[in-house]
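# An overview of the molecular structure
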Amino acid sequence: MQTDEVKALLQKVIYPQLDRDILSLGAIGDIAIANKSITIKLLLNNEKVYRSIEDQIIDILSLHFDKIEVVFQAKQTPSTAYGTTAKPNNRAAYAKNVIAVTSGKGGVGKSTVAVNLSIALAQKGYKVGLLDADVYGPNTPRMLQVAHEKLQWNDNNKIIPSQNFGIKVMSVGLTTPTPDTPLVWRSSVAISALIQFLEDVDWGELDFLVIDMPPGTGDIQLTMAQELPISAGVIVTTPQKVATDDVSRAVMMFKDIKVPIGGIVENMSYFIAPDTLKRYDIFGTGGGEAIATQYGVPLLGKVPLLMEIRSSSDEGKPAVAMCSEEIKAYYQTITNNLLYEMGLF
Ligand SMILES: Nc1ncnc2c1ncn2[C@@H]1O[C@H](COP(=O)(O)OP(=O)(O)OP(=O)(O)O)[C@@H](O)[C@H]1O
Ligand SMILES: [Mg+2]
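As the structure is a prediction and not an experimental result, all values here were calculated from the model.

### Side note on the pairing of strand β2 (residues 37-44)
Of the two faces of β2, only one is covered, namely that formed by Ile38, Ile40, Leu42 and Leu44; the face formed by Ser37, Thr39, Lys41 and Leu43 stays uncovered. Pairing of strand β1 (residues 28-34) with β2 involves five bridges; the strand directions are antiparallel. Pairing of alanine 34 across the sheet is with serine 37, part of β2. With antiparallel pairing between neighbouring strands as the criterion, β1 and β2 make up a hairpin whose turn holds two residues, including asparagine 35 at a positive phi of roughly 50°. In this sheet, strand β3 (residues 67-74) lies alongside β2 in parallel orientation, the contact comprising eight bridges.

Given below as structure tokens:
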């Protein structure tokens, strides 16, 4: 008997005093089948209910299996207590790895990198979710061409994330009447919204949860580091002196809050004139290398300033999915280098 057939049978088991079956209530955890034996994990809060459900399950499955084991596993209830950076909560236990894309300064290309990194990971076969933590300036919905979509809930009262280019995405931009509706929220409200996105979105199992951070080193960055075990921070910078000063703040913040730094991406690194193919180092050269050496963190890659990246991004055609092979390669290299730094490649 296959897992799906077992699940179909489990739909007949009704939770005591509720008119709902245990499957739709999300009370069934892992199911392991080996020949004529089966082990089912029951995710419940109440041990008494477990006894009654265990009996019902054994009744229903005894025709099909010789050995039936029903294991009680306390259901994890979301904690309302905030964590600390030294001992963060894990509000995204469904994600194997959490990557935070950040920068000290605004407008350097974080969202573009976060979107293309997410898609490049999905292109490698990983399951990827992108959480837009930029509550005040969410632009991942437009970049992924899902800005017109409205929020929807599934039967388990979980928010269904939007999907495109092989990744799932959730953003405050999907909750407002129009993508450009400004949010006038205190940071505590913004943080509650993000925590809800972590806990109440039906992400499914993810290999990577990528977080597109707002610019700077503020409340939201700190909260994310307290509420999630971030596996790698990616810092985006442009090569100007100011941007590199800002990036050193981002590096120091990650070090202070104990987030492992995956590396630095130097964006808008140089410009190649489309007519003459001459290279111009508009913002100077070597900013990314200098900062990487100074802080002993890897330089994951450089992306030139290209009109095509800007225009495709604005049209909701992410570069790593829709541009030329040459342009895709910039983001693929960054992704491979990050996987290498994370010990996954
Ligand atoms: N390599 C690039 N070449 C050309 N344009 C780029 C490049 N990277 C990003 N851009 C463009 O620069 C603008 C800012 O990029 P993006 O929104 O990704 O930055 P950000 O750091 O997320 O900004 P914010 O701080 O506002 O969230 C966008 O219009 C984007 O299309
Ligand atoms: Mg952004």
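### Describing the site of ligand 1
In the region of ligand 1, 21 residues are neighbours, and Gly106, Lys110, Ser111, Thr112 and Arg310 sit closest. Contributing elements (two or more residues each) for the shell around ligand 1: α3 (110-123), β12 (261-272), β14 (299-305) and α9 (307-314). Ranked by the residues each element gives to the shell around ligand 1, the list is headed by α9, at four residues. Partitioning the shell around ligand 1 into residue classes produces seven nonpolar, 10 polar and four charged.

### Describing the domain arrangement of the chain
You'll often see interface size given as the accessible area lost when the parts meet. Domains assigned within the chain are domain 1 (3-74) and domain 2 (95-341). Averaged C-alpha coordinates put domain 1 and domain 2 at centres separated by 41 Å.

### Notes on helix α11 (residues 325-341)
For α11, spanning 17 residues, the distance from its first C-alpha to its last is 24 Å, which sits close to the expected 24 Å at 1.5 Å a residue. All of the buried residues in α11 are Tyr330, Tyr331, Ile334, Thr335 and Leu338. In the core, the buried residues of α11 are packed alongside α3, β11 (232-237), β12, β14 and α10 (319-322). At the exit of α11 stands glycine 343, carrying a positive phi of roughly 75°.

### Observations regarding unusual backbone geometry
Positive phi values are uncommon outside glycine, yet phenylalanine 165 reaches one of about 50°. Within the element layout of this structure, phenylalanine 165 appears in the loop between β8 (162-164) and β9 (167-171). For phenylalanine 165, a count of 23 C-beta atoms within 10 Å corresponds to the buried category. The phi dihedral of leucine 277 falls on the positive side, at around 60°, and the residue is not glycine. Tracing the sequence through the fold places leucine 277 in the loop between β12 and β13 (279-280).

### Digging into the packing of α3 against α11
The geometry of a pair of packed helices is captured by two quantities: the angle between their axes and the separation between those axes. Close contact between α3 and α11 brings their axes to 9 Å; oriented N to C, the two are set at 75°. Overall, the two elements α3 and α11 adopt an arrangement that is roughly perpendicular. Contact residues: α3 offers Asn116, Leu117, Ala120 and Leu121, while α11 offers Tyr331, Gln332, Ile334 and Thr335. Each residue belonging to the contact of α3 with α11 can be placed in one class, and the counts come to five nonpolar, three polar and no charged.

Cut-offs and rules
- Residues numbered from 1 in each chain as written.
- Chains lettered and ligands numbered in written order.
- Predicted model: local features only at pLDDT ≥ 70, side-chain atom pairs only at ≥ 80, totals over all residues.
- Buried ≥ 20, exposed ≤ 12 C-beta atoms within 10 Å, placed from the backbone.
- Helix = DSSP H or I, 4+ residues; strand = E, 2+ residues; numbered from the N terminus.
- Pairing = 2+ DSSP bridges.
- Near = placed C-beta within 6 Å.
- Nonpolar A, V, L, I, M, F, W, Y, C, P; charged D, E, K, R; others polar.
- Domains from an automatic or database assignment.
- Expected span 1.5 Å × (residues − 1).
- Contact = placed C-beta atoms within 7 Å.
- Axes fitted to C-alpha atoms, helices over the stretch in contact; angles between N-to-C directions.
- Parallel < 35°, antiparallel > 145°, perpendicular 65-115°, else oblique.

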